[in-house]
Amino acid sequence: MKFLELAKDRYSVRKFSDKKVEKETLDLILEAGRTAPTACNYQPQRILVLDNETDLSGLSLCMPFKFNHQLALLTCYDKNVSWKRKFDGKDEGEIDAAIVTTHMMLQASELGIGSTWVGHFDPEKVKKTYHIPEHIVPVSILLMGHPADDAEPNKLHYERLDRSQTVFHGSFPDTEEDTKQ
């Protein structure tokens, strides 16, 4: 499958089957995350694999979603390792973790594994539930599994703004109204 086709076809699966994700498949997904680019190649990502009933049940304390997922990957970064921009000290760890999560999500899709990226969670509850040290920062939860037979994209999945509304050359328009045209 060509990349753009994969990127367009991938959708947030919100209904998973009971079938477990195979170890070999999970290993390929994790390898995609391991090879993702990070700022200065510092590789601050720290991924917590949640693949048993006890670990997965803890997620219900941290987020409102339950889609019968059989696997979750909690992507974090180590703020002691992540690169900081010299001009303003901006920590690039969250961006690195997002890139890693994207790589894993797309690799999963290529392998027939559905996923839903969850950003709506309580980070303090996640840290407490999973005993995460203070220097590790949770960024995303990737719920995963084999899509249920009747899983389908959200009705808004295929709607995209025209590229002229999101891509600019040389400078941005003077007003917000100019971007809506």
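Residues numbered from 1 in each chain as written. Predicted model: local features only at pLDDT ≥ 70, side-chain atom pairs only at ≥ 80, totals over all residues. Heavy atoms only, no water.

Here we take up the overall build of the protein chain. A tally of regular secondary structure across the protein chain gives 6 helices and 4 strands. For the protein chain, the α and β elements follow one another from N to C terminus as α-α-β-α-β-α-β-α-β-α. Residue burial in the protein chain is summarised as follows: out of 181 residues, 37% are buried. Both charge centroids of the protein chain, one from 23 positive and one from 29 negative side chains, sit 2 Å from each other. (Helix = DSSP H or I, 4+ residues; strand = E, 2+ residues; numbered from the N terminus. Buried < 20%, exposed > 50% of the residue type's maximum accessible area, 1.4 Å probe, protein only. Lys, Arg positive; Asp, Glu negative; His and termini not counted. Charge placed at Lys NZ, Arg CZ, Asp CG, Glu CD.)

Our next topic: the sheet that holds strand β2 (residues 71-78). Within a beta sheet, neighbouring strands are joined by backbone hydrogen bonds and run either parallel or antiparallel to one another. As summarised here, the arrangement of the 4 strands in space is β1-β2-β4-β3, forming an open sheet in which the pairing is antiparallel. Edge positions in the sheet fall to β1 (45-50) and β3 (114-118), since each has one partner strand and no second. The mean inter-strand angle of the sheet, taken between neighbouring strand axes irrespective of direction, is 25°. This element, helix α2 (residues 23-34), spans β1, β2 and β4 (136-145) of the sheet and lies at about 165° to β1. (Pairing = 2+ DSSP bridges. Axes fitted to C-alpha atoms, helices over the stretch in contact; angles between N-to-C directions. Contact = heavy atoms within 4.5 Å.)

Our focus in this paragraph is the packing of aromatic side chains. The tally for this structure, following the rule as stated, stands at 2 aromatic pairs. With a centroid separation of 5.9 Å and an interplanar angle of 20°, the aromatic rings of Phe65 and Phe67 are classed as stacked. (Phe/Tyr/Trp six-rings, centres within 6.5 Å; stacked < 30°, edge-to-face > 60°.)

A word on the environment of Phe65. Its location among the elements puts Phe65 in the loop between α3 (53-58) and β2. Note on Phe65: relative accessible area 29%, which makes it partly exposed. Remark: the alpha-carbon pair of Phe65 and Arg14, spanning 51 residues in sequence, is separated by 9.1 Å. In contact with Phe65, other than residues within four places in its own chain, are Val118 and His120.

Mapped onto the elements, Ser82 comes out in the loop between β2 and α4 (93-110). Only 2.7 Å separates the side chain of Ser82 from the side chain of Asp91, close enough to count as a polar contact. Ignoring any residue separated from it by four or fewer positions in sequence, one finds Ser82 in contact with Tyr42, Pro44, Tyr77, Asp91 and Gly93. (Polar contact = N/O pair within 3.5 Å; in protein donor to acceptor, adjacent residues only side chain to side chain.)

Axis separation between α2 and α4 bottoms out at 7 Å; the angle between their running directions is 145°. The two elements α2 and α4 cross, and the hand of that crossing is right-handed. In this structure, α2 uses Leu28, Ile29, Leu30, Ala32 and Gly33 to contact α4, whose residues at the interface are Val100, His103, Met104, Gln107 and Ala108. When grouped by side-chain class, the residues that make up the contact of α2 with α4 number 7 nonpolar, 3 polar and no charged. (Left-handed = near helix turned anticlockwise from the far one by under 90°. Nonpolar A, V, L, I, M, F, W, Y, C, P; charged D, E, K, R; others polar.)

Moving on, we come to the UniProt feature "domain: Nitroreductase" (unreviewed entry) in the protein chain. When the UniProt feature table is mapped onto this chain, "domain: Nitroreductase" (unreviewed entry) is found at residues 8-53 and 82-146. With 33% helix and 13% strand, residues 8-53 has end C-alpha atoms that lie 32 Å from one another. Counted over residues 82-146, helix gives 38% and strand 23%. Its end C-alpha atoms are 33 Å apart. (UniProt positions renumbered as here; feature names shortened; annotations may be inferred.)

A separate point is the pattern of salt bridges. Using the criterion set out here, one finds 8 salt bridges in the structure. Residues Asp78 and Arg46 are paired through a salt bridge, measuring 3.9 Å at the closest nitrogen-oxygen approach. Of this pair, Asp78 sits in strand β2 while Arg46 sits in strand β1, placing them 32 residues apart in sequence. (Salt bridge = Lys/Arg side-chain N within 4 Å of Asp/Glu carboxyl O.)

This paragraph deals with the pairing of β4. Across the 10 residues of β4, 9 count as buried, placing the element largely inside the fold. Note: β3 against β4, 5 bridges, orientation antiparallel. Among the inter-strand pairings, Ser115 is bridged to a residue of β4, identified as Met144.

Among the nonpolar cores identified, the biggest contains 21 residues, and Leu59, Val126, Ile141 and Leu143 are the most heavily contacted of them. Those elements that provide at least two residues to this core are β2 and β4. Here Val126 is in contact with Cys62, Leu74, Phe121, Ile132, Pro138 and Ile141, once residues within four sequence places are set aside. Ile29, Leu71, Leu73 and Ala108 belong to the second largest nonpolar core, which has 13 residues in total. (Core = buried A, V, L, I, M, F, W, Y, C linked by side-chain atoms within 4.5 Å.)

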